[in-house]
Amino acid sequence: MRTQAVIDRFEGSKAVLVTEDDIEVVLPQQILPPDARQGDCLQIEITVDEEATNQARQTAQNLLQRLLEQNQQ
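My aim in this report is to walk through the structure given alongside it, one point at a time.

Cut-offs applied
Residues numbered from 1 in each chain as written. Predicted model: local features only at pLDDT ≥ 70, side-chain atom pairs only at ≥ 80, totals over all residues. Heavy atoms only, no water. Core = buried A, V, L, I, M, F, W, Y, C linked by side-chain atoms within 4.5 Å. Buried < 20%, exposed > 50% of the residue type's maximum accessible area, 1.4 Å probe, protein only. Contact = heavy atoms within 4.5 Å. Pairing = 2+ DSSP bridges. Helix = DSSP H or I, 4+ residues; strand = E, 2+ residues; numbered from the N terminus. Salt bridge = Lys/Arg side-chain N within 4 Å of Asp/Glu carboxyl O.

Turning our eyes to something else, we now look at the nonpolar core. In this structure, Ala5, Ile7, Ala15, Leu17, Leu32, Ala36 and Leu42 together form the largest nonpolar core, which totals seven residues. Setting aside residues up to four positions removed in sequence, alanine 5 forms contacts with Leu17, Val18, Thr19, Asp40, Cys41, Leu42 and Ile44.

Below is the structure:
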């Protein structure tokens, strides 16, 4: 998914962005480009990290399996 957002304001170390759908998103200012300023338009792309998702699922499955095995003893 790709959307556009405008930097509406800064609140301390946070940046408040407003998307083209008028949704406010609050992000740490440090993840924005260093030269980003209030009023700048940003392109935001959100994707699923398949590898990280699969690793997290496997870790959860392994933990559940260990707990079930311990519970049977």
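Let us now look at the pairing of strand E1 (residues 2-11). The side chains of a regular strand alternate, residue by residue, between the two faces of the sheet. As judged from the five bridges shared by E1 and strand E4 (residues 41-45), these two strands associate in the antiparallel manner. The partner of valine 6 across the bridge, within E4, is cysteine 41. Pairing of E1 with strand E2 (residues 14-19), which is carried by six bridges, proceeds in the antiparallel orientation. From the neighbouring strand, glutamate 11 faces E2, where its bridge partner is lysine 14. Hairpin connection, E1 to E2: the antiparallel pair is bridged by two residues, and glycine 12 has positive phi, about 65°.

Moving on, we get to the environment of aspartate 35. Within the secondary structure layout, aspartate 35 lies in the loop between strand E3 (24-28) and E4. Classification of aspartate 35 by relative accessible area gives exposed; the value is 56%. C-alpha separation for the pair aspartate 35 and alanine 60, spaced 25 residues apart in sequence, amounts to 40 Å.

For the rest of this paragraph, the subject is the pattern of salt bridges. In total, this model carries four salt bridges according to the counting rule given. We note a salt bridge from arginine 9 to glutamate 11, for which the minimum N-O separation is 2.7 Å. Judged by relative accessible area, which is 43%, glutamate 11 ranks as partly exposed. Taken together, the salt bridges that share partners define one network made up of Asp8, Arg9, Glu11 and Glu24.

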